[in-house]
Amino acid sequence: MATRKGSTAGVTEPAPPSTATSTTEKGNTIQNMIQFLSIFKNGLLELTVLGGQNLYTKSGKKPRPFCAVFLIDASVGTGTDPQAQGHLIDKTDVADSSPVNPTWGKTFPIEIPPGTKKIQIHVISHHRLGKNRLIGVCEIDLASVTQNYWEVEPTLFDLVQDKAAKEKGKLQLKWSWTSAFARNNDFRLAFMHYKKITPVLFANGFHVSLAICNALSSEDMVAVALIRIFNSQRLAAPLVLRLLQGDIDTNLRTTTAGNTLFRRDSMATRMCSHYFKLIGFKYLYDTLSTRINTLLSDTTRYEIDPHRIRSGEDIHVNSERLVAAVNEILSAIFASTGRIPLNMRLLLLQVKAYLEERGKPTLTPVVIVNLFFLRYLCPAIFLPEGCYLVEKPVEVTPEGRRVLTLMTKIIQTLATGVRQEDSTLEPFMHPLLPMLQPMRAATDAFVANLLEPITVGPADEFHSRLEDDDYPKLLSVVVNKMHGKWEKIEKELAIVHESSATPPDIKANIDAEFGVLKGLLKTT
């Protein structure tokens, strides 16, 4: 387990090039700098597979669909056999819920080397026994792309299917493309102007940063980059708090019910999730890793869906096993309060104080559960490899993912206190809830402990792969996503000014700094 303690040290700035003494030397120095800053050899395609519509097998039956993304280079011929085409990039999970009109929402950051012809997305029906069956293929042609930036909003694309297919399916995709030239140019801007850009982001109550976050609210990579940049100056928690406060204000203006606060994706919830994941790696590792690795290494069956049960299996026995596994995970969590990083608990207490300030103290337990369980613990249980909790030679098999999925759904329902009749659990999972009822009181006690005042506690401790010291490179991610969004960012900045009741003189100063920032980043 590689970890790194939190530090108060500032950002290490790149050393400037040496002073040239002649025109030739000056030219060489500039050329060397340009070569040094040309770190990207490939373009970048950020592809999001949102979902599908009207997906059926060739015979017209309901599928168990998943998507496989392939990179097709110039050496590969035509065809749609997923075993013969190009290089497999990654896959989505199998969509067992609403399989005809599934939702995935998975983003694939794909490095696109020179010579790449296209990206193919194969929609495949997974079969436990026998061969998987291809439903259809969607292609993104990259060979003819000449733009440095190319963005496609969510769009439905027809699948290329067998002529005998009884139903015609569609795939909903969105993507953004950045050429290698543009990636290098964004990095050069971020590298050379880092000392000018970051003070604007850090200053004046983060107005400019809040505007950027609100304008780029769906960009997860921006959330990751900003959290790491701000955390280098110990400013991540204040930024996350401002975003969470904004979400609270918006929710209270638009609805009287507060139990949905932070359940939906927003830049605030993304930033909070990434911040907790960054500073709370050791806590997750110590609390969950051993138990999850043991669970994934075990061949014991936990399936409780009557349609998935194997011959000779007893659903009641499997249910008892699953409940026991959930109880073990929850017991470990409930005994871990003293190991939760101090900065994480302080942020939760600040959210509690803001709800009290807004006259909504009764919402505090719900909000804390949504932030700590739904945005931090449950994603780590469902996708432990994404939090570096799975250790070799252990792997997350489809059966292992299924167990983690069942456990996550149960813990989410239990933590949020949703009644059986109001839960989104599948009917076959309802009999488990009475078996878990004794854990509800323990859940409430844990949340109450989280909200107790605290002044000392464990320090932040990062996984070495979660703390990237290349801050100009991180900033270049933000710069890249700001292209073509300046008008939207300016509108969001005006909204931030209005909601914060910014005095005219401070507003003018912030707008002037934003103008300088815009000038720096729009010069090329």
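Everything in this summary refers to the structure shown in the same document.

For the rest of this paragraph, the subject is the sheet that holds strand S3 (residues 65–73). Sheet architecture is open: four strands sit in the order S4-S3-S6-S7, paired in antiparallel fashion. Bordering the open sheet on either side are strand S4 (87–91) and strand S7 (133–141), each of which pairs with just one other strand. Taken over all neighbouring pairs, the strand axes of this sheet differ in orientation by 25 degrees on average, direction set aside. One ladder, built from nine bridges, connects S3 with strand S6 (residues 116–125); its direction is antiparallel. Within the sheet, the bridge partner assigned to Cys67 lies in S6 and is Val123.

Interaxial distance between helix H5 (residues 220–231) and helix H15 (residues 471–482) falls to 9 Å at its minimum, and their mutual angle equals 140 degrees. It follows from the interaxial angle that H5 and H15 lie oblique. Regarding H5 and H15, the two cross each other, and that crossing is left-handed. Of H15, the residues touching H5 (which contributes Met221, Val222, Ala225, Leu226, Arg228 and Ile229) are Tyr471, Leu474, Leu475, Val477, Val478 and Lys481. Across the contact of H5 with H15, the residue classes tally to ten nonpolar, no polar and two charged.

Pairing is antiparallel across the open sheet formed by four strands, whose spatial order is S5-S2-S9-S8. Lying at the two open borders of the sheet, with one neighbouring strand each, are strand S5 (103–112) and strand S8 (149–158). Each strand of the sheet is rotated relative to its neighbour by a mean of 15 degrees, with strand direction disregarded. Relative to S5, strand S2 (residues 43–53) is paired through eight bridges, and the arrangement is antiparallel. Looking at S5, one finds that Leu45 is bridged to Ile110. On the sheet, helix H2 (residues 180–192) packs against S2, S5, S8 and strand S9 (170–178) and is oriented at approximately 55 degrees with respect to S9.

So, on to unusual backbone geometry. What you tend to see is this: most non-glycine residues have negative phi, and most peptide bonds are trans. Across the junction of Lys392 and Pro393, the peptide omega takes the value 10 degrees, indicating a cis bond. By secondary structure assignment, the location of Pro393 is in the loop between helix H11 (364–382) and helix H12 (398–416). Within the chain, Phe206 stands out as a residue other than glycine whose phi angle is a positive 65 degrees. Here Phe206 lies in the loop between helix H3 (194–202) and helix H4 (207–215).

Our focus in this paragraph is the pattern of salt bridges. Evaluation of the coordinates by the stated rule reveals 20 salt bridges. In this structure, Lys485 and Glu151 form a salt bridge, with 2.8 Å as the shortest nitrogen-oxygen distance. Of the two residues, Lys485 sits in the loop between H15 and helix H16 (486–499) while Glu151 sits in strand S8, which places them 334 residues apart along the sequence. Here Glu151 falls in the partly exposed class, since its relative accessible area comes to 41%. The partner of Asp249 in a salt bridge is Arg358, and the shortest N-O contact between them spans 2.2 Å. Of this pair, Asp249 sits in helix H6 (residues 236–254) while Arg358 sits in the loop between helix H10 (342–357) and H11, and the two are 109 residues apart along the sequence. A single network of salt bridges, built from pairs that share partners, joins Arg301, Arg310, Glu313 and Glu399.

Cut-offs used in this document
- Residues numbered from 1 in each chain as written.
- Predicted model: local features only at pLDDT ≥ 70, side-chain atom pairs only at ≥ 80, totals over all residues.
- Heavy atoms only, no water.
- Pairing = 2+ DSSP bridges.
- Helix = DSSP H or I, 4+ residues; strand = E, 2+ residues; numbered from the N terminus.
- Axes fitted to C-alpha atoms, helices over the stretch in contact; angles between N-to-C directions.
- Parallel < 35°, antiparallel > 145°, perpendicular 65-115°, else oblique.
- Left-handed = near helix turned anticlockwise from the far one by under 90°.
- Contact = heavy atoms within 4.5 Å.
- Nonpolar A, V, L, I, M, F, W, Y, C, P; charged D, E, K, R; others polar.
- Salt bridge = Lys/Arg side-chain N within 4 Å of Asp/Glu carboxyl O.
- Buried < 20%, exposed > 50% of the residue type's maximum accessible area, 1.4 Å probe, protein only.

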